[in-house]
Amino acid sequence: MGMAALRIPHPQGRLVERLPVVRGRYSENAALAPFTWFRVGGRAEVLFRPVDADDLMSFLEQLPVDIPLVVIGAASNILVRDGGIPGVTIRLGPALAGIGFGVDRVRAGAAVPSGMVARAALQEGRVGLAFLSGIPGTIGGGLRMNAGAYGREFVDVVIESEFVTRDGNRCRVPVADMGMGYRHCSLDEDGIFLAATLRAEPGDPEQIARDMAAVQQAREQSQPIRSRTGGSTFRNPPGHRAWELIEQAGCRGLRIGGAEVSTRHCNFLINTGTATATDLEHLGEEVRRRVRDATGVVLDWEIRRLGVPGEIAS
C-alpha cells in the first residue's frame, strides 16, 4: 500500500509542471518510507532536494501559494501516512549540514543530526550539548518542536535561529522571539529552519565525555533504539509522564497488525517488520482511548502524522 502511486487529480496537469525552475532535484511519486525511522508510509507527490539555501529561497519565492508544502529532515519523529503526501515535500541536504565553532557558540545547519553536534562539541571540548546525543533527528527538527531529553531542551541552548519564510524571506530570529515551550515553537509552520546558533562554552573534556556516556547508557537501557520506531509517541501531559499512563492503562505490548507498543518503553511504538502507517496510527489512537478511559487524561501526539490516511484493512 505504501508503495502505491499517490492518486490526487490535478486539473492543471502534473504538479511538477507548476513548480519553479531550480538547481536542485525534483522527484515525482517519490518513496518516503526509506527515509523514515518507522520505514513505512506512502509517497511524496513531488520530493524536492535543494542544493543550498539560495536554491531553497528561490524556490519558495516562486512557489504558488496554493501548493501544499512539507519539510522533513531525518524523519525520526514522523509518521508518513499510507496515502502519501500531496504537494511538495522538501528534504534538506548536505549544504545545510555544516558545523562551525566560535569562541562560546556553535552554528549548526538545520540538516545536521543532533547527535553529530553533540559529538563535535565533545571533540571541541564544549559543555552543555551532551543532551543532544539523546535526541534523534536533525537540528531543524529539534528547533521546530523544541526537542528535549534528560532534563534539557533546545530552548536552553539556542541563541538564535536562521529561518526562511514561505515567501522566501530569510531572517535571524532570537530565541526570545521563537515562542518555544514544551515541544512547541510558534514560528510559522510553513517556514523552514536553515540553521541554529547554540551556546557552546569551553569546558572539561573528561566531564563532557562522562555526560555523553551517561546519556547513551540511559538511552540503551530504557529505549528500543535498535527497533523501527519514531521516538516518543505522546507528549507528557501536565503533571504526568505519558509512559506511566500507558502502563496504567495496560497497553504495554499491545499490538495492531505489525505495530506494537514497546515492552521496553511503552511511550514508543514499534514496526515489528510488517506494520503499515495505518497500523501504527490506529495503535496510537487505541492507546489514547484506553488511557483516557482508564485515567481521564487525554494524550496528545508528539509524533507528526503527515499526509493522506490509507485504507483500513477489513
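Our structure is the block above this text.
Residues numbered from 1 in each chain as written. Predicted model: local features only at pLDDT ≥ 70, side-chain atom pairs only at ≥ 80, totals over all residues. Heavy atoms only, no water.

Asker: Explain the packing of aromatic side chains here, please?
Answerer: The relation between two aromatic rings is expressed through the spacing of the ring centres and the mutual angle of the planes. According to the stated counting rule, one finds five aromatic pairs in the structure shown. On the numbers, 6.3 Å between centres and 55° between planes, the contact of Y26 with F59 is tilted. Residue Y26 is found in strand β1 (residues 25-31), and its partner F59 is found in helix α1 (residues 53-62); the two are separated by 33 residues along the sequence. Given the relative accessible area of 22%, Y26 is considered partly exposed. For F59, a relative accessible area of 0% translates into the label buried. (Phe/Tyr/Trp six-rings, centres within 6.5 Å; stacked < 30°, edge-to-face > 60°. Helix = DSSP H or I, 4+ residues; strand = E, 2+ residues; numbered from the N terminus. Buried < 20%, exposed > 50% of the residue type's maximum accessible area, 1.4 Å probe, protein only.)

Asker: Got a minute to help me understand the state of the cysteines in this structure?
Answerer: Two cysteines whose sulfur atoms are joined by a covalent bond form what is called a disulfide. Enumeration according to the criterion identifies zero disulfides in this entry. Take C185: it sits in no disulfide, and the sulfur closest to it among the cysteines is that of C171, at 11 Å. Here C266 stays free of any disulfide, with the sulfur of C251 as its closest cysteine sulfur at 8.0 Å. A residue is classified by how much of its surface remains accessible, and C266, at 2% relative accessible area, is buried. (Disulfide = S-S within 2.5 Å.)

Asker: How do you make sense of the side chain of N271 when you look at a structure like this?
Answerer: Counting through the fold element by element, N271 comes out in strand β16 (residues 269-271). One polar contact links the side chain of N271 to the main-chain amide nitrogen of G273, over a distance of 2.8 Å. With residues near it in sequence (within four places) discarded, N271 still touches F38, R39, V40, R228, G258 and L280. (Polar contact = N/O pair within 3.5 Å; in protein donor to acceptor, adjacent residues only side chain to side chain. Contact = heavy atoms within 4.5 Å.)

Asker: For this particular structure, what's the right way to read the sheet that holds strand β10 (residues 158-164)?
Answerer: The strands that make up a sheet pair up through hydrogen bonds in the backbone, lying either parallel or antiparallel. Taken together, five strands build an open sheet; the order of strands is β6-β7-β12-β10-β11 and the sheet is antiparallel. Each end of this open sheet is capped by a strand with a single partner; those strands are β6 (99-101) and β11 (170-174). Between one strand axis and the next, the sheet turns through 15° on average, direction left out of account. The sheet contact formed by β10 and strand β12 (residues 192-199) spans six bridges and is antiparallel. Residue pairing in the sheet places V158 in a bridge with L198 of β12. (Pairing = 2+ DSSP bridges. Axes fitted to C-alpha atoms, helices over the stretch in contact; angles between N-to-C directions.)

Asker: It is not clear to me how the sheet that holds strand β13 (residues 228-229) should be interpreted in this structure. Could you clarify?
Answerer: An order of β13-β16-β15-β14 is seen for the four strands of this open sheet, with the pairing classed as antiparallel. Here the strands that pair on one side only, and so sit at the sheet edges, are β13 and β14 (255-256). Bridge analysis of β13 against β16 gives two bridges, and the strand direction is antiparallel. Counterpart to T229 in the pairing with β16 is I270. Sheet strands touched by helix α6 (residues 277-295): β14, β15 (259-261) and β16. Its angle to β15, the strand with the most contacts, is close to 30°.

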